[in-house]
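# Structural overview for review
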2 protein chains.
Amino acid sequence: MFPMQGRLILFPVHIGCDDLSHSLPSYNSELLYGCHTFIVEELRTARRFLKHAGYPHSIDDTTFYLLNEHTSQKDIDTYLDAISRGEDVGLLSEAGLPCVADPGRLITAMAQRKNIEIIPLVGPSSLMLALMASGFNGQNFAFNGYLPIDRHDRIVAIKNFEAKVHKEHQTQIFIEAPYRNNQMLATLAETLRPDTQICVAADLTLPTQYIVTKPARHWRTNPPNIHKRNTVFLIGE
Amino acid sequence: MFPMQGRLILFPVHIGCDDLSHSLPSYNSELLYGCHTFIVEELRTARRFLKHAGYPHSIDDTTFYLLNEHTSQKDIDTYLDAISRGEDVGLLSEAGLPCVADPGRLITAMAQRKNIEIIPLVGPSSLMLALMASGFNGQNFAFNGYLPIDRHDRIVAIKNFEAKVHKEHQTQIFIEAPYRNNQMLATLAETLRPDTQICVAADLTLPTQYIVTKPARHWRTNPPNIHKRNTVFLIGE
C-alpha cells in the first residue's frame, strides 16, 4: 500500500502593504499553519513573514530549505523528500507570487516530474494589478522580465515591444532594478513614438500607489520620481 | 476648490471555489461595502456575488451599469459620472480579475483618460495559478487569449507558440471554450514535437483541481477528460 503523499503548496507573500488582510485570502493561513517545512529564498524575510502571518509553531522546530543562486542541484533534489513521508511542503516567495519572476520553478518543475500534487494559492501579483489598472489589452499580453542593460540592446528591445503592441495588439510588461527606474522611463519616453501609450505602475498596494497611463510625449516632459520605488512598466494601446 | 473625486475600484470575483475566504482578501469586502454603483457584465451573477459577499445595502438602492458586447459607447461614456460627484464606482468581473481576458478595459482606459484614480484589488487569476504550478518559465510568458477556430490557422498558431517556447524561452498561455477542451488538447498533442511540454490546468481552486505538466507524447495516449471543465493550457520548457 502507498503511504499518503503530501503536497507542494505555493504561498504568495505581500508586496508593499504589510497588512496581510489586504492582499492574502484568510485560507492561505490555514494551509500555512499546517506546513512544517518551507523552501525560501532568504531565511530572514521568510521567518519574518511567518511571524507576521501568525504562524503558531516554533520556528526552531520548522525546517527551512534555501533556494537561491548558490543552491546546488544536489541539495534541491532533496527538498521535496518530506512529501513522500506524507507531509505538505510550502514554497514561499520573497514577495508576490512564487514562480512568477522568481526561481521557484526549479521546485515546481521537479514536483511535476515526481507527480506531486501542487496547490497554487491566490495572492498579489504586481504584474496583474498593473495590467488591470493600465487600461491596456488584457486579452493578449507578455511579461518580459528585465530588459537588457546595454543601451543599444535595450533600445532594440523597446522598439521590438512597440512593434508587438501596434501589430499584434499585445501589451508588453517589464520591470527594472528600482534604482534605474527614472532612467528607464526616460529611455522609454524618448525611444517610443510620441503617441505610444506607457503605463507607470509604482508602489502597488501602498498608500503612495501610482498607476498612470499617458502617451510617451507626456512622460518626456512630466516624469514622476520613481527612483527606488518598485515599478511595473507597460506599453500598450 | 475641486470637489473630492471618487475612485474606480476593480473587484476580482471567485473562480471555481465559492468560499470567498479561499480566493479574496477580506479587505476587498470593506471596499465593496462602500460602493453603491457597479459596472458589471451580467446583472444576475453580479447580484448573486454581492449577496454572497455579504453586501449590506439594499440591491434596489444600488446602481448597476451593464458592460457587454451590446453596450453603446454613448452609455459607457456616462458610467464614471458618479466619480466626479465624489463616489467610488466598482468594476466587477464575471470571474477572476477584471480587465484580464474580459471587456473591463473599456472602463479603465476611460478612467485613465479622465485622470481618475484606479484601485486594482487582489484576487484569483486562473492564468497565474496555472503558470505558478506548471513548472514553466515565469520570468518570460505570454497570454494569447483564444486560438483561431479554423484548423489550419490554429495549427499555425500552435507551431508559432512552440517556436517562441524553444527560441525565446517564453511560456505560452491560452484558453479555449470549455466544450472544445478535449479537442484542443488532442490537437496540441499531435501538433507539437513529442518532447515539448504541455501543462493542462483544469478546475482551478476546486476540489477537482488538476494541474499536470507532461510532454506532448504523454498526452497523445493519456488524455484526461476536460470536457466542459474550465481549463488553462500552457506550452513551456
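The structure contained in this document is the topic of the report that follows. This is a predicted model, so every value here is computed, not measured.

### Here's the deal with the sheet that holds strand 4 (residues 89-92) of chain B
The strand order 3-2-4-1-5 (chain B) describes an open sheet built from 5 strands, whose pairing is parallel. Looking along the sheet, the strands with just one partner apiece sit at the ends: strand 3 (63-66) and strand 5 (118-120) of chain B. Each strand of the sheet is rotated relative to its neighbour by a mean of 25 degrees, with strand direction disregarded. Across 3 bridges, the pairing between strand 1 (residues 8-11) of chain B and strand 5 of chain B is parallel. The residue bridging L10 of chain B from the neighbouring strand is P120 of chain B, located in strand 5 of chain B. Sitting on the sheet, helix 6 (residues 126-134) of chain A touches strand 1 and strand 5 of chain B, and the angle it makes with strand 5 of chain B is about 145 degrees. Of the strands in this sheet, strand 1, strand 2 (37-40), strand 4 and strand 5 of chain B are in contact with helix 5 (residues 105-113) of chain B, which crosses strand 1 of chain B at around 155 degrees.

### Some points on the interface of chain B and chain A
Residue-level contacts link 56 residues of chain B with 56 residues of chain A. Roughly 4,300 Å² of surface becomes buried between chain B and chain A when both sides are summed, with 55% attributable to carbon and sulfur atoms. Seen at the junction of chain B and chain A, the total is 0 salt bridges. Where chain B touches chain A, the interface holds 22 residue pairs in polar contact (both at pLDDT 80 or more). Elements with a minimum of two residues in the side of chain B that touches chain A: helix 1 (26-33), helix 5, strand 5, helix 6 (126-134), strand 6 (141-146), helix 7 (151-168) and strand 9 (210-215) of chain B. Of the residues contributing to the side of chain B that touches chain A, the split by class is 30 nonpolar, 20 polar and 6 charged.

### Looking at the sheet that holds strand 6 of chain B
Read from one edge of the open sheet, 10 strands run 9(A)-8(A)-10(A)-7(A)-6(A)-6(B)-7(B)-10(B)-8(B)-9(B), paired in mixed fashion. Among the strands making up the open sheet, the edge pair consists of strand 9 (210-215) of chain A together with strand 9 of chain B. Going from strand to strand, the sheet's axes swing by 15 degrees on average, the running direction of each strand aside. Examined bridge by bridge, strand 7 (residues 171-175) of chain B and strand 10 (residues 231-236) of chain B share 4 bridges and lie antiparallel to one another. Following the sheet pairing, F174 of chain B is matched in strand 10 of chain B by F233 of chain B. Across the sheet, helix 8 (residues 181-191) of chain A touches strand 7 (171-175), strand 8 (197-202) and strand 10 (231-236) of chain A, and the angle it forms with strand 10 of chain A is around 10 degrees. Each of strand 7, strand 8 (197-202) and strand 10 of chain B touches helix 8 (residues 181-191) of chain B; the most contacted strand, strand 10 of chain B, lies at about 10 degrees to it.

### Side note on the pairing of strand 1 (residues 8-11) of chain A
Residues and elements named next belong to chain A. Because side chains alternate across strand 1, one face comprises the buried residues L8 and L10, and the other comprises I9 and F11, equally buried. By the bridge criterion, 4 bridges tie strand 1 to strand 4 (residues 89-92) in an arrangement that is parallel. Each bridged residue has a counterpart across the sheet, and for I9 the counterpart in strand 4 is G90.

### Some points on the packing of aromatic side chains
Following the criterion strictly, the structure yields 14 aromatic pairs over all chains and no others. A network of ring pairs unites the aromatic residues F11, F38, Y55 and F64 of chain A as a single cluster.

### Concerning the environment of I39 of chain A
Tracing the sequence through the fold places I39 of chain A in strand 2 (residues 37-40). For the pair I39 of chain A and F64 of chain A, spaced 25 residues apart in sequence, the C-alpha separation works out to 5.8 Å.

### Considerations on the packing of helix 7 of chain B against helix 8 of chain B
Residues and elements named next belong to chain B. Axis separation between helix 7 and helix 8 bottoms out at 10 Å; the angle between their running directions is 55 degrees. Comparing their axes, helix 8 and helix 7 come out oblique. In the crossing of helix 7 with helix 8, the sense of the turn from one axis to the other is right-handed. Residues R151, R154, I155, I158 and K159 of helix 7 form the contact with helix 8, whose own contacting residues are M184, T187, L188, E190 and T191. Tallied by class, residues from the contact of helix 7 with helix 8 come to 4 nonpolar, 2 polar and 4 charged.

Conventions and cut-offs
Residues numbered from 1 in each chain as written. Chains lettered and ligands numbered in written order. Predicted model: local features only at pLDDT ≥ 70, side-chain atom pairs only at ≥ 80, totals over all residues. Heavy atoms only, no water. Pairing = 2+ DSSP bridges. Helix = DSSP H or I, 4+ residues; strand = E, 2+ residues; numbered from the N terminus. Axes fitted to C-alpha atoms, helices over the stretch in contact; angles between N-to-C directions. Contact = heavy atoms within 4.5 Å. Buried area = accessible area lost by both parts, 1.4 Å probe. Salt bridge = Lys/Arg side-chain N within 4 Å of Asp/Glu carboxyl O. Polar contact = N/O pair within 3.5 Å; in protein donor to acceptor, adjacent residues only side chain to side chain. Nonpolar A, V, L, I, M, F, W, Y, C, P; charged D, E, K, R; others polar. Buried < 20%, exposed > 50% of the residue type's maximum accessible area, 1.4 Å probe, protein only. Phe/Tyr/Trp six-rings, centres within 6.5 Å; stacked < 30°, edge-to-face > 60°. Parallel < 35°, antiparallel > 145°, perpendicular 65-115°, else oblique. Left-handed = near helix turned anticlockwise from the far one by under 90°.

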